[in-house]
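So the chains spell out like this:
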Amino acid sequence: MQNLQREAHFNLVDEPWIPVAYIDGKLGAVSLEEALRDAGRIREIEGDQAQQVLPIIRLLLAVLYRSQPLSDGDDESTLMKEWAAIWKRGHFDLEAIHGYLDTFRDRFDIFDAHHPFYQVPGLEYAGREPDGIGELVADVPKDEKFLFTMRNRNRLQSLSFAEAARCLVFQQSYATAGIKTPVKGYSGAKAGKAYAPKGAVGTGMLGAEGGIYLEGKSLFETLMLNWVLFDDRRSGVPIVGCEEDVPPWEKDETTPDHRDPLPGEPYGPVQSYTWQSRRMRLVPNEEGTAVIGVVSCYGDIPRVIDASGSEPMTAWRESQTQQKKLGLPYVPLMPQAHDPSKQAWRGLASIVSFRGRDPRPGVVRWFERLCDEHAISQDAMPTVAIHTQGMEYGTQSSVFSDGIDDRFDLSVSLLDHDSDECTQALKVIEKTDEAVSKLVNCVSNIQRAAGDKSSKAVAMSERTRVRELAYSELDGMCRARLAGFPSGTDPVGKYCKAWKDDVHRKIRAAASEYVESSDRSYFDEHDSMTVGRALAILAAELNKVLGVIEPGPAKEGEGKVGPHEDAAESERM
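Fair warning: this is a prediction, and the values are worked out from it, not measured in the lab.

(A) Structural context of the packing of aromatic side chains. Inspection of every chain in the model, using the stated rule, returns 19 aromatic pairs. A network of ring pairs unites the aromatic residues Y65, W83, W87, F92, F220, W227, F230 and W366 as a single cluster. Here the basic side chain of R128 rests over the ring of Y125, its NZ or CZ set 4.4 Å away from the ring centre. Over the aromatic face of Y495 sits the side chain of R481, whose NZ or CZ is 4.8 Å from the ring centroid.

(B) Structural detail: empty space enclosed by the protein. In this structure the tally under the stated criterion is 1 cavity of 30 Å³ or more. A volume near 60 Å³ is recorded for the largest cavity. Along the walls of the largest cavity sit R58, Y118, V169, Q172, S173, M205, L206, S272, Y273, T274 and W275, which together make up its complete lining. The set of elements that each furnish at least two residues to the lining of the largest cavity consists of α5 (161–174) and α7 (269–273).

(C) The environment of E34, seen in detail. For E34, the position within the fold is in helix α1 (residues 32–37). The partly exposed category is assigned to E34, whose relative accessible area is 25%. Expressed as a C-alpha distance, the spacing of E34 and H98, which sit 64 residues apart in the sequence, is 9.9 Å. The contact partners of E34, leaving out residues within four places of it in the chain, are A29 and A39.

(D) Main features of the pattern of salt bridges. The final tally for this structure, using the stated rule, is 32 salt bridges. R37 serves as the salt-bridge partner of D38, at 3.1 Å between the closest nitrogen and oxygen. Shared partners join several salt bridges into a network, and the residues in it are R259, E265, R279 and D300.

(E) Fine view of the sheet that holds strand β10 (residues 383–394). Taken together, 3 strands build an open sheet; the order of strands is β5-β10-β11 and the sheet is antiparallel. Looking at the sheet topology across the chains shown, the edges are occupied by β5 (211–215) and β11 (399–411). Sheet twist, expressed as the average angle between the axes of neighbouring strands with direction ignored, equals 20°. Across 5 bridges, the pairing between β5 and β10 is antiparallel. The residue bridging I212 from the neighbouring strand is T388, located in β10. Strand contacts of α5: β10 and β11, with the helix running at about 75° to β10, the strand carrying the most contacts.

(F) Focus on the pairing of β10. Across the 12 residues of β10, 10 count as buried, placing the element largely inside the fold. Pairing of β10 with β11 involves 12 bridges; the strand directions are antiparallel. Following the sheet pairing, V384 is matched in β11 by L410. Taking the residues between adjacent antiparallel strands as the criterion, β10 and β11 are bridged by 4 residues, where T395 takes a positive phi near 50°.

(G) The environment of S235, seen in detail. Tracing the backbone through its elements, the reader meets S235 in the loop between α6 (219–225) and α7. What makes S235 exposed here is its relative accessible area of 65%.

(H) Quick peek at unusual backbone geometry. Of note, the amide linkage connecting E265 to P266 takes the cis form, showing an omega dihedral of -10°. Counting through the fold element by element, P266 comes out in the loop between α6 and α7. With phi around 55°, Q396 is a residue other than glycine that occupies positive phi space. By relative accessible area, which is 76% here, Q396 ends up exposed. In the Ramachandran plot, S397 falls in the positive-phi region, its phi being about 60° despite a non-glycine side chain. In this fold, S397 is placed in the loop between β10 and β11. Residue class for S397 comes out partly exposed when judged on its relative accessible area of 29%.

Cut-off values and rules
Residues numbered from 1 in each chain as written. Predicted model: local features only at pLDDT ≥ 70, side-chain atom pairs only at ≥ 80, totals over all residues. Heavy atoms only, no water. Phe/Tyr/Trp six-rings, centres within 6.5 Å; stacked < 30°, edge-to-face > 60°. Lys NZ or Arg CZ within 6 Å of the ring centre and 35° of its normal. 1 Å grid on protein atoms, 1.4 Å probe; cavity = no way out; pocket = protein on both sides within 12 Å on 5 of 7 lines; lining within 4 Å. Points joined across faces, edges and corners; volume = space filled by probe spheres on them. Helix = DSSP H or I, 4+ residues; strand = E, 2+ residues; numbered from the N terminus. Buried < 20%, exposed > 50% of the residue type's maximum accessible area, 1.4 Å probe, protein only. Contact = heavy atoms within 4.5 Å. Salt bridge = Lys/Arg side-chain N within 4 Å of Asp/Glu carboxyl O. Pairing = 2+ DSSP bridges. Axes fitted to C-alpha atoms, helices over the stretch in contact; angles between N-to-C directions.

Quick look at the structure:
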């Protein structure tokens, strides 16, 4: 007797699939509706991997944009008052959320027969069976590269529906590029293969960006801080009430084919946050109890050039390369991707300041406006967390090579882009980078003094190691300084001087530790350089970059450039 496959159902509106940590310390899982209803009790969203969090937050924001009763148009004063009223109330309009989700309830079922959430019904590969779930889970490498993962390779036969839902949302945001198997109905296949469109983004939308969001003390605060209701980057086109800016679950048409964006797309944050970069279908087992496979191919091709008015969750940069490539009469803006080799605070300038055009993330501009309009009190919220997330790709963006997840607390005074506080803090970060470069130059001089015969690659590796160690030592202190930065012009100069003195001591200590660990003589000379002279040069350069350290007790292990201070001093004579 033939077995009949049991029909699967899993509705994101009702079923618990979002892992959360509550303010009281408890852990749990909530549905889409519960996440918005209980947002004030939830501290943060969690995930199987950190990078699942931002796509889920963007999904929740899309629901807020479409469900909350706000005044349509660009009446900024009214929208600000409505936002402030919700912030003061401490919860969203729950009746409106329930009514909205109930209207589109069937569209949130990941196995709906006609409109499965974020998928295309009946999607099939042309000529072969679906992929296994290894193609759905980001931290599962190919069989031949199964090295560094926390997952058990013998338990990769299936995913729970909740796990699969999280992976589905993640993949639509971060999917890798590369050669794909075409699906039936895909028009861009060449020799039985689907390639990333030339000159276009091949990854998911977030994969081409440097994802940034502001984080509050609860999920409610986090959503509110990133719920941008108007933005001057949109040139008079309103965010709230934009008829074209709708999510995929409100659309009836589905297609297995890829699609180039229409002029003006994405039309707003709702479309950006729910962009369907892949045509996908989850494959359940016969029992209808787990997901055992996936079909995935190119879908809506992401458009990120000059999209700053529609994508508030990334910083931007001017790209003369794209201007020449596209033959544009102006310099377009492209997303500022994260540098995985740098701590997030080191890129603070691109987040909080600008000269000329404003390339800051829209969420930062929005927060500055909230403070200016007194919708948020700096006394009640002296700091806000900047959270950065993203994926790093390798081999023509066809594989994931690393995940990016960093967070630092920032004094609210630094989010005022033209304030003296912001200017002075960025100068200290700039001087810190310059001081670390001086340390690396010192290491190069010490290698030269020793007549080091190592290859260029080995010598460079050693300098890179010292640079990374220096930033590691500076990291905690600089984060604390950014969080505790004062408000008001009077104490700023003194605060920044103390910060630079701390940097100065740590750099001098790093130089001392390097000399001690490398066991090199202060007096051996090669190529007109000695270790003592290298340290003397560093001391003079640090005084120039950071200023002379103010008199005061140095912390243990800091404040000396080496065990033979007199030798270094003699080199200055």
